[in-house]
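Each chain, letter by letter, is given below.
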Amino acid sequence: MQKIQSLKIITLKLFLVNFCGLFLSACGVTSFFSDDSRNAQVYYPSNDFKSSPSASGTKGTMKPYTINGKTYYPTVVSVGETADGIASWYGPGFHGKKTSNGEIYNQNGLSAAHKTLPMNTILKVTNLNNNRQVTVRVNDRGPFVANRIIDLSKGAASQIDMLQTGTAPVRLEVVGFGSSNSDHNIIHSNVNYGNSGEIFNNGQSYEGGIFMVQIGAFKNPEGAKSIAAKYKTYRTYSSTIRTSSSDGLTRVFLSGFRSEEEARDFAASGAFAGAFVVRD
């Protein structure tokens, strides 16, 4: 009987040793870190947009970074993805200083800081307390405060009425990937050149499955037809026209992109000011 008990104890010890070995090898995330962050904790969001060490980039603002002992992995997202959390805003103390992507921060613009979204990601932000919405462009990193999902500029926070409260529960939706004008505002939300055929508003209207790049939106349908004809065949892409029933604008898109990445690269190339990716 004593032999059986001894054998059971030895077997249990071996099991525990093997289990611990397996557990430690399975949690060996330190291989993801650079030498100066081997003891850092990986940021695995719950309600935030998902990020992954394997999906993080190696250049510029897509490189992993460590703040206060926690490592963040910028990760590509897709149009239509959503996330919920608490928003805060930042302003006077950072106004006029450089953001993470090198821009000069304008507290009165429509921009935001996020921990892992690619720079120039366009987000529709909904204040869940009052359903007010604003569209912002990510141009900074943060907020590095527990339980915060996004830091809005003062201008953006004002539009959804959260200046006084300082924070608010929000829903974030990826609506495109854009650029900015000289004031670092989102071009497709702020350009307004009139109704004689020029671009009036580059606001996003379409989502779905086929990736396109919007190159203009017009009050005057003839202006849209003129631009569509001019770029009927542009490189390997072709133009198409859509009219929105919600705002009456006629929009011109380039189609023929084989992937979201190709469309995004084209939109960021600067060939068309304010161009951004949508899904048909």
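Right, let's walk through the structure included here. (Residues numbered from 1 in each chain as written. Predicted model: local features only at pLDDT ≥ 70, side-chain atom pairs only at ≥ 80, totals over all residues. Heavy atoms only, no water.)

**With respect to the environment of Val170**
Turning to step 1, where the next piece is worked out: Here Val170 lies in strand S9 (residues 167-177).
Turning to step 2, where the next piece is worked out: Classification of Val170 by relative accessible area gives buried; the value is 0%.
Turning to step 3, where the next piece is worked out: Separated by 10 residues in sequence, Val170 and Ile160 have C-alpha atoms that sit 9.8 Å apart.
Turning to step 4, where the next piece is worked out: Residue contacts for Val170: discarding those within four places in its chain leaves Ala83, Asp84, Gly85, Ala87, Val125, Thr126, Asn127, Leu128, Ile149, Ile150 and Ile160. (Helix = DSSP H or I, 4+ residues; strand = E, 2+ residues; numbered from the N terminus. Buried < 20%, exposed > 50% of the residue type's maximum accessible area, 1.4 Å probe, protein only. Contact = heavy atoms within 4.5 Å.)

**Things to note about the side chain of Thr121**
Turning to step 1, where the next piece is worked out: Relative to the helices and strands, Thr121 resides in strand S6 (residues 121-127).
Turning to step 2, where the next piece is worked out: For Thr121, a relative accessible area of 0% corresponds to the buried category.
Turning to step 3, where the next piece is worked out: Setting aside chain neighbours within four positions, we find Thr121 in contact with Val77, Val136, Arg137, Val138, Val174, Gly176 and Phe177.

**Points about the nonpolar core**
Considering soluble globular proteins, one finds that nonpolar side chains tend to be buried as a cluster.
Turning to step 1, where the next piece is worked out: Leu123, Val125, Ile150, Leu152, Val213 and Leu254 are the most contacted members of the largest nonpolar core, which totals 44 residues.
Turning to step 2, where the next piece is worked out: Looking at this core, the element that brings in the most residues is S9, giving 5 residues.
Turning to step 3, where the next piece is worked out: Ignoring sequence-local partners within four residues, the contact set of Leu254 consists of Met212, Val213, Ile215, Tyr231, Tyr234, Tyr237, Ser238, Ser239, Phe266 and Phe272. (Core = buried A, V, L, I, M, F, W, Y, C linked by side-chain atoms within 4.5 Å.)

**Brief notes about helix H4 (residues 221-230)**
Turning to step 1, where the next piece is worked out: Residues of H4 that are buried: Gly223, Ala224 and Ala228. For H4, the angular spread of the buried residues around the axis is 135°, confining them to a single face. Looking at H4, the residues exposed on the side facing more than 90 degrees away from the buried face are Ala229 and Lys230.
Turning to step 2, where the next piece is worked out: On its buried face, H4 sits against strand S10 (211-218), strand S12 (237-243) and strand S13 (250-255).
Turning to step 3, where the next piece is worked out: Regarding H4, its N-cap is Asn220, as a side-chain oxygen of that residue lies 2.9 Å from the backbone nitrogen of Glu222 further along. (Arc of directions from axis to C-beta. Polar contact = N/O pair within 3.5 Å; in protein donor to acceptor, adjacent residues only side chain to side chain.)

**Some remarks on the pattern of salt bridges**
Turning to step 1, where the next piece is worked out: Applying the stated criterion across every chain, the model contains 4 salt bridges.
Turning to step 2, where the next piece is worked out: The salt bridge partner of Arg137 is Glu103, with a shortest N-O separation of 2.9 Å. Here Arg137 is found in strand S7 (residues 133-140), whereas its partner Glu103 is found in the loop between strand S4 (82-90) and strand S5 (111-113), with 34 residues between them in sequence. Judged on exposure class, the residue Arg137 and its partner Glu103 are both buried.
Turning to step 3, where the next piece is worked out: Lys124 is paired through a salt bridge with Glu173; the nearest N and O atoms lie 3.4 Å apart. Note that Lys124 is positioned in strand S6 and Glu173 in strand S9, a separation of 49 residues in sequence. (Salt bridge = Lys/Arg side-chain N within 4 Å of Asp/Glu carboxyl O.)

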